[in-house]
Structures are given as C-alpha cells and as structure tokens.
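Residue-level structure breakdown
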Amino acid sequence: MPATEKVTKERIIRAVLESAFAKSVGGTSLADISERLGIKKASLYNHYESRDAMIDDTVAYCGDTLRKMRFIPADMAATAQKYPAETVLKGIANRWFKLHEKEPLLQVFVFLESEKYFSNQAAAIAAEMREALIKQGELALKSLSDAQKIRPLDDAGVWQYAVLFVGALHDLLDSYLTDKKVSIRSNPETGSDTLFAAPADEPDFAEIDGIIDHFCALLKH
C-alpha cells in the first residue's frame, strides 16, 4: 500500500484476508500484515491491541459482508414465471460462482471456511449464513413450484430440496477454489493475484449444468 494512503481498521482487515488467503489464517503473522500495508509492525498497535483482536474483527467483517449477499434474483416470482426451472437454477449457480470470484468475497469465503473450526464466532456466522442461503433457496424453489415449473412442493419438501441445492453449490465452490489454490501452490511464481486471471480458470459450468439438470429432473417427478 502506498505510504501516503491512510491506514484504517478496514485496510488492516483486508490485509489480514489477503494474507490468510495466500498463507492460511494460522500462517499469517503481524509482519505479513504490516508488509502488505507498507508500514512497520509496531504501527498496527495504533489500531489493535493484539493479533487476536484483528482476527476477531476480520471474522465480524466477514459476517457483515456475507449478510449483504443475495444470490437469487430480486423478483424471484417473476423470474420463475418467465423461465424454465433449469434456466433459473443454472443462473443462480452461475451468479454464486461469479460473486465468489470477486474480492473481497473470495477471501471472505476461504477465511470463514477455515476459521470456523477454530472460532466459535466464525462457526456461528457460518451457520447463520448457511441458514440465510437455504432461505433464499427455499424462496427460489417455492416460486418455481408456484409457477408450475416443477412439481408441487409442500413446505417440508421445499426446505429439503433447498438444503440439497445450497449444499451442492457450497461443495462445488469449495472444490473449485481448492483446485485453484493447489494450482497456485504448484506454481508459486504466478502469485495468488492470478488465481482467476485466465479464461481457463472459469469453473466447469458444463459439469455444474449437468448436475442441475439431474436435480431438476428430481423436482419434476
């Protein structure tokens, strides 16, 4: 970061996220954070009393960021009326991946997924976000059911299929990011900034679309 650019708590948090993405949360030191900011390590104590306090604030920042995320269309009912179920759900999956390819959501996802095993705060946020995504999935499937694009589903059925859909998207995204991280570790000279630079880095939507086609077949019979 240029020396003339003011250091704020948000910039420190972004530096934590970037370093954790490249080196893991546990492998991120105060020196790593200060180096990314272009300041002396001691200067971090002007903003935080400890590394743990930085991590706690970073977890909270992840929660605030994810609470703003919506991966279904704003007018879900109209979208369900207009398009086939396959088109709607493939569009949602595409948006899910595209959102997570952008900073800071890319780093937020990786940070929270790793830290939830060590932090009660992170685990609670991860659980909260899962429930929020399932509710969005429920709204999408209920709208498709009401539009008669899939078979009629009661509330229990809507919830069960929403859990399956959100769980599948989460697992596919996790696998995709893992593959990309392995690629970066195998070619460290490319740097983490090139993770999604090339067109070849895009997810295999043909595979994802095939999964959604099978999922929709279940919803129609």
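Residues numbered from 1 in each chain as written. Predicted model: local features only at pLDDT ≥ 70, side-chain atom pairs only at ≥ 80, totals over all residues. Heavy atoms only, no water.

Thoughts on the overall build of the protein chain
Scanning the protein chain from terminus to terminus reveals nine helices and zero strands. If you list the helices and strands of the protein chain from N to C, you get α-α-α-α-α-α-α-α-α. Looking at the 221 residues of the protein chain, the share that counts as buried comes to 43%. Long-range contacts, defined here as pairs at least 24 residues apart, represent 72% of the contacts in the protein chain between residues at least 6 apart. (Helix = DSSP H or I, 4+ residues; strand = E, 2+ residues; numbered from the N terminus. Buried < 20%, exposed > 50% of the residue type's maximum accessible area, 1.4 Å probe, protein only. Contact = heavy atoms within 4.5 Å.)

Describing the environment of S119
Here S119 lies in the loop between α6 (105-115) and α7 (120-146). Classification of S119 as buried rests on a relative accessible area of 11%. Separated by 63 residues in the primary sequence, S119 and D56 have C-alpha atoms spaced 8.8 Å apart. In this structure the side chain of S119 is engaged in a polar contact, spanning 3.3 Å, whose partner is the backbone nitrogen of Q121. (Polar contact = N/O pair within 3.5 Å; in protein donor to acceptor, adjacent residues only side chain to side chain.)

Here we look at the packing of helix α1 (residues 9-23) against helix α3 (residues 51-67)
Between α1 and α3, the least distance of the axes is 9 Å, while the angle of their chain directions is 90°. Judged on the interaxial angle alone, α3 and α1 are roughly perpendicular. Each of K9, E10, I12, I13, R14, V16 and L17 in α1 lies in contact with α3, whose residues at this interface are M54, I55, D57, T58, Y61 and C62. Counted by class, the contact of α1 with α3 contains eight nonpolar, one polar and four charged residues. (Axes fitted to C-alpha atoms, helices over the stretch in contact; angles between N-to-C directions. Parallel < 35°, antiparallel > 145°, perpendicular 65-115°, else oblique. Nonpolar A, V, L, I, M, F, W, Y, C, P; charged D, E, K, R; others polar.)

Any functional reading would require information that these geometric values do not contain.
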